[in-house]
Amino acid sequence: MKVSYHGHSVVKIETNGTNILIDPFITGNGLTDLEADNTKADVILLTHGHNDHVGDTVDIAKRNGALVVAPFELATYLGFQGVNAHPMHIGGSHEFAFGTVKLTQAFHGSAYTEEENQRIVYTGMPAGILFSAEGKTIYHAGDTGLFSDLKLIGERNKIDLAFLPIGDNFTMGPEDAATAAEWIQASHVVPVHYDTFDVIKQDPQAFVDLLDVKGSVMKAGDSLDL
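Residues numbered from 1 in each chain as written. Predicted model: local features only at pLDDT ≥ 70, side-chain atom pairs only at ≥ 80, totals over all residues. Heavy atoms only, no water.

Peer 1: Kindly report on the sheet that holds strand β6 (residues 85–88), identifying the contributing residues and their values.
Peer 2: The strand order β6-β5-β4-β3-β2-β1-β16 describes an open sheet built from 7 strands, whose pairing is mixed. The outermost strands of the open sheet, each flanked by one partner alone, are β6 and β16 (223–225). Put simply, the sheet's adjacent strands are angled 20 degrees from each other on average, direction ignored. Note: strand β3 (residues 18–22) against strand β4 (residues 43–45), 3 bridges, orientation parallel. Looking across to β4, one finds that I20 is bridged to V43. The sheet contacts of helix α2 (residues 57–64) involve β3, β4 and β5 (67–71), and relative to β4 the element is tilted by about 160 degrees. Sitting on the sheet, helix α3 (residues 72–79) touches β5 and β6, and the angle it makes with β5 is about 140 degrees. (Pairing = 2+ DSSP bridges. Helix = DSSP H or I, 4+ residues; strand = E, 2+ residues; numbered from the N terminus. Axes fitted to C-alpha atoms, helices over the stretch in contact; angles between N-to-C directions. Contact = heavy atoms within 4.5 Å.)

So this is what it looks like as structure tokens:
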């Protein structure tokens, strides 16, 4: 399994011959190495409905015929736009041909801003994602603040790789994210959701230095094998 990072909270997983994108915010993301027009995906996993996570989902999904997996209200909203969407909700898991997806709690918001209509559309509860395939488990926390049930996620899952937000202001800051890393007991932790906007500027290496487990600062385009 190959896992790569592409700026903000964008993660790509290549497993079992399937290309999976998590939260493909590409257009407007000054830190990504991807180009929306030629990005390929078989599956898109979404944590919540904010524009900097839904990103280019509709265009990528339609162009590639990709399956979108998202919390129910968000999946329904995207389905109205002609996307092939599989709805899920927090606590639920589903075994797909490419791997198993389970949605976890995340303490945040979830709404899509339609700028052309000057309208905000509620898209249900935000979530984190536990993805398992090839005997490995990846945890993408989405956007979240620190909450004590992260301990339960760590106790019930052997997490090989975790992506945790550190930007502060909208999500956990570095110190809270370091506590989250301790609680989830992941073997390897990577910081995400920082530096994209001025209000979430952080020093990712300083976060990694707080960890008692292996941590890595991944630049856009960096990859690792699990």
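Peer 1: I'd like a description of a nonpolar patch on the surface, backed by residues and values.
Peer 2: A surface patch of nonpolar side chains, about 300 Å² in accessible area, is lined by I90, Y122 and M125. Inspection of the secondary structure assignment puts M125 in the loop between β10 (119–122) and β11 (127–133). (Patch = residues over 30% accessible without salt bridge, like charges linked within 9 Å, V, L, I, M, F, W, Y side chains within 5 Å. Areas by Shrake-Rupley, 256 points an atom, 1.4 Å probe, with all protein chains shown as cover. Salt bridge = Lys/Arg side-chain N within 4 Å of Asp/Glu carboxyl O.)

Peer 1: Give me the lowdown on the layout of surface pockets, citing residues and values where you can.
Peer 2: Computed from the structure, the largest pocket encloses a volume of approximately 240 Å³. Among the secondary structure elements, those contributing two or more residues to the lining of the largest pocket are β8 (99–105) and α4 (150–156). Across the lining of the largest pocket, the residue classes tally to 5 nonpolar, 4 polar and 3 charged. (1 Å grid on protein atoms, 1.4 Å probe; cavity = no way out; pocket = protein on both sides within 12 Å on 5 of 7 lines; lining within 4 Å. Points joined across faces, edges and corners; volume = space filled by probe spheres on them. Nonpolar A, V, L, I, M, F, W, Y, C, P; charged D, E, K, R; others polar.)

Peer 1: Tell me about the pattern of salt bridges, and name the residues and values.
Peer 2: Considering all chains together, one arrives at 2 salt bridges under this definition. When the shortest N-O distance is used, the salt bridge between D160 and K158 registers 3.3 Å. By relative accessible area, which is 10% here, D160 ends up buried. (Buried < 20%, exposed > 50% of the residue type's maximum accessible area, 1.4 Å probe, protein only.)

Peer 1: I'd like a description of the packing of aromatic side chains, backed by residues and values.
Peer 2: Under the defined criterion, the tally for this structure stands at 4 aromatic pairs. With 6.3 Å between their ring centres and 20 degrees between their planes, F98 and F131 make a pair best called stacked. Here the residue F98 occupies a position in the loop between β7 (93–96) and β8, and F131 occupies one in strand β11, the gap between them amounting to 33 residues. Residue F98 is classed as buried on the basis of its relative accessible area, which comes to 7%. Grouping aromatic residues by their ring pairs yields a cluster made of F96, F98 and F131. (Phe/Tyr/Trp six-rings, centres within 6.5 Å; stacked < 30°, edge-to-face > 60°.)

So, to be careful, I would describe these as geometric facts and stop short of saying anything about function.
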